[in-house]
Amino acid sequence: MPVLPGAEPYRREGGEVGVLLCHGFTGSPQSLRPWAEYLAEHGLTVSLPLLPGHGTRWEDMRLTGWQDWYAEVDRELRAMRDRCARVFVAGLSMGGALALRLAAKRGDDVAGVMVVNPANKVHGLFAYTLPVSRHLVRTAPGIVSDIAKEGSVELGYDRVPLHSAHSLRTFFRLVDGELPQVTQPLLVLRSRQDHTVPAMDTARILSRVSSTDVTEIVLEQSYHVATLDHDADRIFEESLGFIDRLATGVGKEGTTTRG
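The structure contained in this document is the topic of the report that follows.

Cut-offs applied
Residues numbered from 1 in each chain as written. Predicted model: local features only at pLDDT ≥ 70, side-chain atom pairs only at ≥ 80, totals over all residues. Heavy atoms only, no water. Helix = DSSP H or I, 4+ residues; strand = E, 2+ residues; numbered from the N terminus. Polar contact = N/O pair within 3.5 Å; in protein donor to acceptor, adjacent residues only side chain to side chain. Contact = heavy atoms within 4.5 Å. Pairing = 2+ DSSP bridges. Axes fitted to C-alpha atoms, helices over the stretch in contact; angles between N-to-C directions. Phe/Tyr/Trp six-rings, centres within 6.5 Å; stacked < 30°, edge-to-face > 60°. Buried < 20%, exposed > 50% of the residue type's maximum accessible area, 1.4 Å probe, protein only. Lys NZ or Arg CZ within 6 Å of the ring centre and 35° of its normal. 1 Å grid on protein atoms, 1.4 Å probe; cavity = no way out; pocket = protein on both sides within 12 Å on 5 of 7 lines; lining within 4 Å. Points joined across faces, edges and corners; volume = space filled by probe spheres on them. Nonpolar A, V, L, I, M, F, W, Y, C, P; charged D, E, K, R; others polar.

## What about the side chain of Asp194?
- Summarising the element assignment, Asp194 is placed in the loop between β8 (186–191) and α7 (199–208).
- One polar contact links the side chain of Asp194 to the main-chain amide nitrogen of Val197, over a distance of 2.9 Å.
- There is a polar contact of 2.8 Å between the side chain of Asp194 and the side chain of His224.
- In this structure Asp194 touches Asn117, Asp146 and His224, once residues within four positions along its chain are discounted.

In C-alpha cells form, the structure reads like this:
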C-alpha cells in the first residue's frame, strides 16, 4: 500500500552526532517531523523511520506486532552507529518505550534517551480483555490527535487493530522488566494534561530506570502529542541542549557544540 502523504520516513545526513526518533502506536513520522527537522537544521544526523504497518491503513498494521516495530528501530540504530560517533534515541508515547528498550539492550551504542509522554502500560479493563476480544472484534476507536493547539492534527489511524494492541501490551510488559538496564542520561518531557497516557506511566519509568542523570520537565500547555502542540518549541530546545551537554567535543555539521 502507498504511504499516506506526510507519513513518509525522514532522514538527514549531518555531523558525527546522530538522533534516532521513534513515533507512536498507530501514528506516523508526521508527529515527530518538526522535531526531526529542527535537530537536522542544527547539524545533527537524523533518522525518523516509518514503523511497519503504520502510515498506510489499519488493515496493514493488523499483520504486524512489536517485534516488527522494534526490529525497524534497532536496524536504524545499527546503521547510525556505523555513521556517527554518538547516537541519541528519542520517542513519543510507544516510541518512548522503543527508545528505552534500545537503551536497555544496546548499552554504549546509545549516548542518551529523550522521551515525550512515554507509554508503559495498556490501562483499564480493555487491557485485560484483549487476549479474548481480539479474536471477536477486529478494531477499537483510534487514539490519535490528542492535541490542545487548535488546527494541529496528528496523522494516524482512526481505528486500532486489537491484534496489534495485544502485541503492544506484551511489549510494554517486556520493556517494564528491562527498565533497570537503562543507565544512560535520560530526558523526560511530560504533559500536565494527557488524555492518552497517564502520568503514572512516567512515574513508573522513572522509578525503575538505573539512570543517575535524569531530567523531568512538565509541559503545561500541551496534551499527549506535545511535539505538535504549544510546547513543541520547548521540547526541541530542551532536547538540543541535552544533546549538546552530553556530546561536547563531538562535531556537528555547520554548528559549534556548546559546553
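## A word on the sheet that holds strand β4 (residues 86–92)
- Ordered by their spatial adjacency, 7 strands build an open sheet running β1-β3-β2-β4-β5-β8-β9, and the pairing between neighbours is mixed. This sheet does not close on itself; its edge strands, each paired only once, are β1 (10–12) and β9 (214–219). Each strand axis lies, on average, 15° off the axis of its neighbour in the sheet, ignoring direction.
- Note: strand β5 (residues 112–116) against β8, 4 bridges, orientation parallel. Considered in β8, the bridge of Val115 is made with Val188.
- With respect to the sheet, helix α4 (residues 94–106) is in contact with β2 (17–22), β4, β5 and β8, its orientation differing from that of β4 by roughly 150°.

## A word on the packing of aromatic side chains
- By the definition in use, this model includes 5 aromatic pairs.
- For the ring pair Phe88 and Phe242, a centre distance of 6.2 Å and an interplane angle of 70° mean the geometry is edge-to-face. Of the two residues, Phe88 sits in strand β4 while Phe242 sits in helix α8 (residues 232–246), which places them 154 residues apart along the sequence.
- Note on Phe88: relative accessible area 0%, which makes it buried.
- We classify Phe242 as buried; its relative accessible area is 4%.
- Ring centres of Phe171 and Phe172 lie 6.4 Å apart, and the angle between their planes is 35°; this geometry places the pair in the tilted category.
- The class of Phe172 is buried, set by a relative accessible area of 4%.
- Within the aromatic cluster, the residues linked to one another by ring pairs are Trp66, Phe171 and Phe172.
- Of note, Arg101 hangs over the ring of Tyr70, and the distance from its end group to the ring centre comes to 4.6 Å.

## Observations regarding empty space enclosed by the protein
- Here the structure, examined in full by the defined rule, presents 1 cavity of 30 Å³ or more.
- Lining of the largest cavity is provided by Ala97, Leu100, Ala119, Asn120, Phe172, Val175, Leu179 and Ile205.
- For the lining of the largest cavity, the secondary structure elements donating two or more residues are α4 and α6 (162–178).
- When the residues that make up the lining of the largest cavity are grouped by side-chain class, the tally is 7 nonpolar, 1 polar and no charged.

## A look at the layout of surface pockets
- In this structure, the largest pocket occupies an estimated 450 Å³ of space.
- Taken together, 25 residues make up the lining of the largest pocket; nearest its centre are Phe25, Val122, Ile143, Leu168 and Thr196.
- Among the elements of the structure, β6 (139–141) and α6 are those that each provide at least two residues to the lining of the largest pocket.
- A per-element tally of the lining of the largest pocket places α6 first, with 3 residues.

## A word on the pairing of β5
- Of all the 5 residues making up β5, 5 are buried; the element is thus mostly covered by neighbouring parts of the structure.
- Burial along β5 is two-sided: Gly112, Met114 and Val116 facing one way and Val113 and Val115 facing the other are all buried.
- Two elements, β4 and β5, share 5 bridges in a ladder whose sense is parallel. Bridge assignment links Ala90 to a residue of β5, and that residue is Met114.

## Some words on unusual backbone geometry
- The phi dihedral of Ser93 falls on the positive side, at around 60°, and the residue is not glycine.
- Taking the relative accessible area as the measure of exposure, Ser93 reaches 11% and is therefore buried.
- Positive phi, normally seen in glycine, also occurs at Asn117, with a value near 45°.
- Take Asn117: it is sitting in the loop between β5 and α5 (125–133).
- Under the relative-accessibility criterion, Asn117 is labelled buried at 2%.

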